[in-house]
Amino acid sequence: MTVRSRELLEFLGRLPERVLVILDEAYREFVDDPDVPDGLALVRERPNVVVVRTFSKAYGLAGVRIGYCVPAPAVVSAVHKVSVPFSVSRLARPPRSPPSTAPRTYARARRR
């Protein structure tokens, strides 16, 4: 389900700042709709918003499970406390960056 900017902002406005909101943007690279909110902009504006994204979908890295989390500075220490259970797989560790074929893979994935 796609959440529109207005809906998300209304939802966030009703929550107390002590409630953490995690936006899973695994498919963000495939979104062209300008009415879909950009979580990274919200992280800068709201201390209780965290964005998680992945390289796996856009760069064709199925099974590698490598991504990133963008929290507000106040949330970083809490993320570090649980980071070991959510760290990348052994297979994902060596590359740590998209392979040299990533631009072609990304372009093919966007066309599908």
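Rules and cut-offs
- Residues numbered from 1 in each chain as written.
- Predicted model: local features only at pLDDT ≥ 70, side-chain atom pairs only at ≥ 80, totals over all residues.
- Heavy atoms only, no water.
- Salt bridge = Lys/Arg side-chain N within 4 Å of Asp/Glu carboxyl O.
- Helix = DSSP H or I, 4+ residues; strand = E, 2+ residues; numbered from the N terminus.
- Buried < 20%, exposed > 50% of the residue type's maximum accessible area, 1.4 Å probe, protein only.
- Polar contact = N/O pair within 3.5 Å; in protein donor to acceptor, adjacent residues only side chain to side chain.
- Contact = heavy atoms within 4.5 Å.

Colleague: So what about the pattern of salt bridges? Which residues, and what values?
Modeller: Within the structure shown, the criterion is met by four salt bridges. A salt bridge links Arg 53 to Glu 25, with the nearest nitrogen and oxygen atoms 2.7 Å apart. Separated by 28 residues along the polypeptide, Arg 53 in strand S2 (residues 49-54) and Glu 25 in the loop between strand S1 (21-24) and helix H2 (39-45) bring together distant segments of the chain. Residues joined by salt bridges that share partners form a network here, namely Glu 25, Asp 38 and Arg 53.

Colleague: Account for the side chain of Arg 53, with residues named and values stated.
Modeller: Of the residues examined, Arg 53 reaches a relative accessible area of 12% and is grouped as buried. A polar contact of 3.1 Å, which involves the side chain of Arg 53, links it to the side chain of Asp 38. If near-sequence neighbours (up to four positions away) are discounted, Arg 53 is found in contact with Glu 25, Arg 28, Asp 38, Leu 40, Gly 67 and Tyr 68.

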